[in-house]
Amino acid sequence: MKSFIVGVGQCGGKLATKLIDRSAKRSKHSVTGAFAVNTARADLDPLPIDKYLIGQDIVRGGGVGGDNEHAVEIMERDLDEVMREVADNIGIETEAIIVTAGLGGGTGSGGAPVLAGALRDDYEIPVYAIGVLPSNTESALRTRNAGRSLTSLQKNADATLIVDNNTWGDEDESLAGWYDTINTEIADQFTLLFNAGEVRDESGESVVDTSEVINTLDVGGTAAIGYGETVVELDDEDEYTHNIKVTTREALSTGLSVSGDVTAETGLVVVAGDPKRISREGIEKAQQILEDELDSFRIRGGDLPLPGSDKIQVIVLLGGLQESTRIDSLLEDAADIIETQQLNESDDESENYFENDDIDGLL
């Protein structure tokens, strides 16, 4: 799937850079280009991709300090120019636009929903978001921002793929190192998924194409990706099929991009490996595992041929998350934080936060 990436905010810009870098290294070039938008010049300048600084006359390149409502106002004001910049960079071969953002910060959490909605209105191809959730150890402000941003993104993007900071990284790493590890893991896994449909000269059992990715996400709402890998040395087809099953279960249990338990409306499983050893039976077994785990018959499956690979790599894509203990917990925490703020503010200052006890979006 040929995708154009638009990174909003610090996290979004770094992730967009990682995605185009990892795509180039895999030689499939499924990421056709990347563009970054930010209110903070210091975060934007080092990025080796096309970029645009918004709100220059308001915050003077200093960022919004975590104030995502201010970011909404700035993005709405500068939206026409940002859209022109995107149009100048996007190629005609692009099959999807992906907006990346950290949902706990300021510019990304506020600006991404505004931009996603505008892109969705202007382009006929799908507009997806990759939204990074703050970990449980991050501040109350970031949790509140993430709750409101996620609510808005779900309304403005065709689907929002959730990445949870709780899932990746080493607590012993520095914060910068932790974030870099997460970005690299995300980029590697999504690049493998985007490469589906980009295989041209290797034959497989049932090669996944772009339409299957799009159809899996067509239910909208939130989505998740899962990944597992196993190094294989055996040529026995039965053993290879067994390892496909083991790796698929790993992708669903410990390899999901969102922590906690989930159920989903649709699913896609992509088995990547040496095409000489991937069997139709192995792909069908992987699909059956998803059907059983998700209790859904809307499961697609296929392979991604990687000739000579000594690994089985399995990517699962779960569309239309119906239950997620992590997302539910984050939204509940965000609601509690907002309610506490309401108790300390006048009714006039807080009246826009809630509607029927649910979190209002930013827009």
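See the structure printed just above.
All values derive from a computational prediction rather than experimental measurement.

Chemist: Looking at this model, I keep getting lost on the nonpolar core. Mind explaining?
Modeler: Soluble globular proteins tend to pack their nonpolar side chains together in the buried interior. Within the largest apolar cluster, 63 residues are counted, with the highest numbers of intra-cluster contacts made by Met75 and Leu115. Ignoring sequence-local partners within four residues, the contact set of methionine 75 consists of Val8, Val37, Ile54, Val82, Gly111, Val114 and Leu115. Core analysis: the next-biggest nonpolar cluster, separate from the first, contains 40 residues, Ile182, Leu193, Phe194 and Leu217 among them.

Chemist: I would appreciate a short explanation of the layout of surface pockets in the present structure.
Modeler: One way to see where empty space is left: roll a probe the size of a water molecule over the atoms. By volume, the largest pocket is sized at about 620 Å³. Around the largest pocket sit 35 residues that line it, and Gly9, Gln10, Cys11, Arg142 and Tyr179 are the ones nearest its centre. When residues of the lining of the largest pocket are traced back to their parent elements, those giving at least two are helix H1 (9-25), helix H5 (107-122), strand E5 (127-133) and helix H7 (175-194). In terms of residue count, H1 provides more of the lining of the largest pocket than any other element does, six residues in total.

Chemist: What is the right way to read the pattern of salt bridges from this model?
Modeler: Oppositely charged side chains can pair when the atoms bearing their charge come close. Overall, the coordinates contain 10 salt bridges when judged by the stated rule. Measuring nitrogen to oxygen at the nearest pair gives 2.8 Å for the salt bridge that ties arginine 84 to glutamate 81. With arginine 84 and glutamate 81 both in helix H4 (residues 68-89) and three residues apart, this pair spans about one turn of that helix. Salt-bridge contacts for arginine 142 lead to glutamate 138; the nearest nitrogen and oxygen are separated by 2.7 Å. Of the residues examined, arginine 142 reaches a relative accessible area of 28% and is grouped as partly exposed. For glutamate 138, a relative accessible area of 14% corresponds to the buried category. Ionic contacts of the salt-bridge type, sharing partners, join the residues Asp57, Arg77 and Asp78 into one network.

The rules we used
Residues numbered from 1 in each chain as written. Predicted model: local features only at pLDDT ≥ 70, side-chain atom pairs only at ≥ 80, totals over all residues. Heavy atoms only, no water. Core = buried A, V, L, I, M, F, W, Y, C linked by side-chain atoms within 4.5 Å. Buried < 20%, exposed > 50% of the residue type's maximum accessible area, 1.4 Å probe, protein only. Contact = heavy atoms within 4.5 Å. 1 Å grid on protein atoms, 1.4 Å probe; cavity = no way out; pocket = protein on both sides within 12 Å on 5 of 7 lines; lining within 4 Å. Points joined across faces, edges and corners; volume = space filled by probe spheres on them. Helix = DSSP H or I, 4+ residues; strand = E, 2+ residues; numbered from the N terminus. Salt bridge = Lys/Arg side-chain N within 4 Å of Asp/Glu carboxyl O.

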